[in-house]
Amino acid sequence: MNLADTRGRSLHDLRISITDRCNFRCRYCMPREIFNREYEFLQRELLLSFEEITRLTGVFQDLGVEKVRITGGEPLLRKGVEELIAELSALELQDLTLTTNGSLLSRKAQGLADAGLRRVTVSLDSMDPEVFATMNDVDFPVTDVLGGIEAAAAAGLTPIKINMVVKRGVNADGVLPMAEYSKGTGHIVRFIEFMDVGRSNGWRLDDVVPAQEILETIAAKYPIEPVDPNYAGEVAGRWRYKDGSGEIGVITSISQPFCGDCTRARLSAEGVLYTCLFAVGGIDFRAPLRAGATDDDLKQMITDLWTQRTDRYSELRSEATVDLPKVEMSYIGG
Ligand code: SAM
Ligand code: SF4
Ligand code: SF4
């Protein structure tokens, strides 16, 4: 079965946040002035259980979802995440991946692979120890994340994607070193334009480095050429080195919005379903799940939501939209 929204976009991917907590305080995502001791993170009983997540994912699968990505907050902080991966793996989806800051990956990569995880995306904003420590704002050493990437590669969670959010004046001069780090390794770096997600990261258009500029920086030293998308709705624009030494990607949410192909739904850790990363509201699934809703009831809720979907935030972005009371990235999971 395949659902289409009001703009003809099908429901193909599901991103599931399994915690809103994180051990980093990346300034573009969870600035410590806001995400401090007083911040009210979700209490445990409010989180969807692994059983609830797996059941809901099965319902989404019946409605056409083939790709599932686990995210957060930092998903590897959720106790027993390997059990969840094992339960989801049993659904035999086309793709099951996870996005992590890599801090716990050295320890967890093999267990995740054994549980059935296929691939990981690791966020890494700089190869420079000082810049990285400043960006995660908890002095986390870059060497530990690099060790996590190696552990993931050794566990076969490949090809590894590396997400680098590029912010002008902060880490933009690290674009080339990052490209050079991954070139020839089989890892795919995806350079992400800094986005106005949530309402607490102080986003300004001036801080965004457009993908074109990032590509020109790399192409000046290493000739590259575009590659066709793997599938309609793929988020990253793909490029490869002409010498055959690998691939890079750019995520152009600001400079070239891709809403026309957006086939993703997002489930928060407490079970609220959103149809856009920049949404101000979503539909709660936890209450019906806990009140005995049947799979058919859940399917109907998803169908009603998706078939009425009109989202195209990035295409409509303006001065006015930046201040909308949007959900936070650490809550919805990117
Ligand atoms: N903690 C995990 C991690 O960092 O990979 C998973 C959750 S994190 C919210 C998912 C992705 O969103 C990360 O790659 C992060 O860099 C990216 N992200 C967070 N805030 C962003 C922003 N304002 N603009 C662009 N990307 C952002
Ligand atoms: Fe944590 Fe990921 Fe947000 Fe950084 S981007 S604060 S690692 S959730
Ligand atoms: Fe999809 Fe919303 Fe992003 Fe557009 S702005 S691509 S609709 S998540």
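Attention in this report is confined to the structure presented alongside it. Just so it is clear, the model here is predicted, and its values are computed rather than measured.

### What about the site of ligand 3?
So, step 1. The environment of ligand 3 is formed by Phe258, Cys259, Cys262, Arg266, Cys276, Leu277, Phe278, Arg309, Asp311, Tyr313 and Ser314.
So, step 2. Of the residues that constitute the shell around ligand 3, the class distribution is 7 nonpolar, 1 polar and 3 charged.

### As for the site of ligand 1
So, step 1. For ligand 1, the set of nearby residues contains 19 residues, the closest of which are Tyr28, Gly73, Ser123, Asn163 and Met195.
So, step 2. Within the side chain of Asn201, one N or O atom sits 3.2 Å away from a nitrogen atom of ligand 1.
So, step 3. Taken together, the elements giving at least two residues each to the shell around ligand 1 come down to β3 (95–100), β5 (161–166) and β6 (188–193).
So, step 4. In terms of residue class, the shell around ligand 1 is built from 7 nonpolar, 10 polar and 2 charged.

### As for the pattern of salt bridges
So, step 1. If you walk through the whole model with that rule in mind, you get 23 salt bridges.
So, step 2. The shortest N-O distance in the salt bridge between Glu247 and Arg238 comes to 2.6 Å. For the pair shown, Glu247 and Arg238 are each scored as buried.

### Quick word on the sheet that holds strand β4 (residues 119–123)
So, step 1. Across the sheet, 12 strands lie side by side as β7-β8-β9-β6-β5-β4-β3-β2-β1-β10-β11-β12; this open sheet has mixed pairing. Where the open sheet ends on each side, the last strands, each with one partner, are β7 (224–227) and β12 (283–284).
So, step 2. Of the strands in this sheet, β5, β6, β7, β8 (237–241) and β9 (247–251) touch helix α7 (residues 211–219), which is tilted by about 160° from β9.

Definitions and cut-offs
- Residues numbered from 1 in each chain as written.
- Chains lettered and ligands numbered in written order.
- Predicted model: local features only at pLDDT ≥ 70, side-chain atom pairs only at ≥ 80, totals over all residues.
- Heavy atoms only, no water.
- Near = heavy atom within 4 Å.
- Nonpolar A, V, L, I, M, F, W, Y, C, P; charged D, E, K, R; others polar.
- Polar contact = N/O pair within 3.5 Å; in protein donor to acceptor, adjacent residues only side chain to side chain.
- Helix = DSSP H or I, 4+ residues; strand = E, 2+ residues; numbered from the N terminus.
- Salt bridge = Lys/Arg side-chain N within 4 Å of Asp/Glu carboxyl O.
- Buried < 20%, exposed > 50% of the residue type's maximum accessible area, 1.4 Å probe, protein only.
- Pairing = 2+ DSSP bridges.
- Contact = heavy atoms within 4.5 Å.
- Axes fitted to C-alpha atoms, helices over the stretch in contact; angles between N-to-C directions.

Such coordinate-based values are descriptive only and should not be taken to indicate function.
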